[in-house]
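Descriptive structure summary
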Amino acid sequence: MYRRIFATMTLVTGAAIVAVLPAAPAQARACTINAYCVTTWYKNAAKTIVVGQKFEECDGSTWQWGSRDAYVTFTETNC
């Protein structure tokens, strides 16, 4: 009897903890060879507050600023 109660409480508590955890920041998609790519991370779902960007140049060099968040856009242009 106590085992069943303990197992049920463990499942309920585990589900509650998972429901409270925030979403992980979205990861950048890989830029293909011979392309210029821009990844932009936003603070909100409306994508009005930019919190960071990553630029991948045609020569393969990259640079970024800011931070990553849950909302992201990715653009890719052939060089």
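Above this note sits the structure.
Quick summary incoming for the structure in this document. On a predicted model such as this, the values are computed, not experimentally measured, just so you know.

Side note on a nonpolar patch on the surface
- Where nonpolar side chains cluster on the molecular surface, the patch consists of V50, W63 and W65 and spans about 310 Å² of accessible area.
- Position of V50 relative to the elements: it lies in strand β2 (residues 50-56).

Some points on the state of the cysteines
- Scanning all chains against the criterion turns up two disulfides.
- Paired through a disulfide, C31 and C37 show a sulfur-sulfur distance of 2.0 Å. Of note, the bridge from C31 to C37 carries an S-S torsion of about 80 degrees and is right-handed in sense.
- At a sulfur-sulfur separation of 1.7 Å, the disulfide partner of C58 is C79. Here the S-S torsion is close to -95 degrees, and the disulfide linking C58 with C79 is therefore left-handed. With C58 in the loop between β2 and β3 (62-66) and C79 in the segment after β4 (71-78), this pair connects stretches of sequence that are 21 residues apart.
- Classification of C58 by relative accessible area gives partly exposed; the value is 40%.
- Residue C79 is classed as partly exposed on the basis of its relative accessible area, which comes to 46%.

The rules we used
Every residue gets a number counted from 1 within its own chain, in the order that chain's sequence is written. Only residues with pLDDT of at least 70 are given local features in this predicted model, and only at 80 or more are side-chain atom pairs given and counted; all residues enter the totals for whole chains, interfaces and linings. Hydrogens and water molecules were not included; the side-chain quantities draw on all heavy atoms of the structure. Like-charged residues are merged into a patch within 9 Å and nonpolar side chains (Val, Leu, Ile, Met, Phe, Trp, Tyr) within 5 Å, provided each residue has over 30% relative accessible area and no salt bridge. All accessible areas in this document rest on Shrake-Rupley with a 1.4 Å probe, and a residue is counted as covered only by the protein chains that are shown. A pair is scored as a salt bridge if a Lys or Arg side-chain nitrogen falls within 4 Å of a carboxyl oxygen belonging to Asp or Glu. Only runs of H or I of at least four residues qualify as helices and only runs of E of at least two qualify as strands under DSSP, and these elements are numbered from the N terminus. Cysteine sulfur atoms are paired as a disulfide whenever they fall within 2.5 Å. Exposure classes here rest on a 1.4 Å probe applied to the protein chains alone. A residue is buried below 20% of its type maximum, exposed above 50%, and partly exposed in between.

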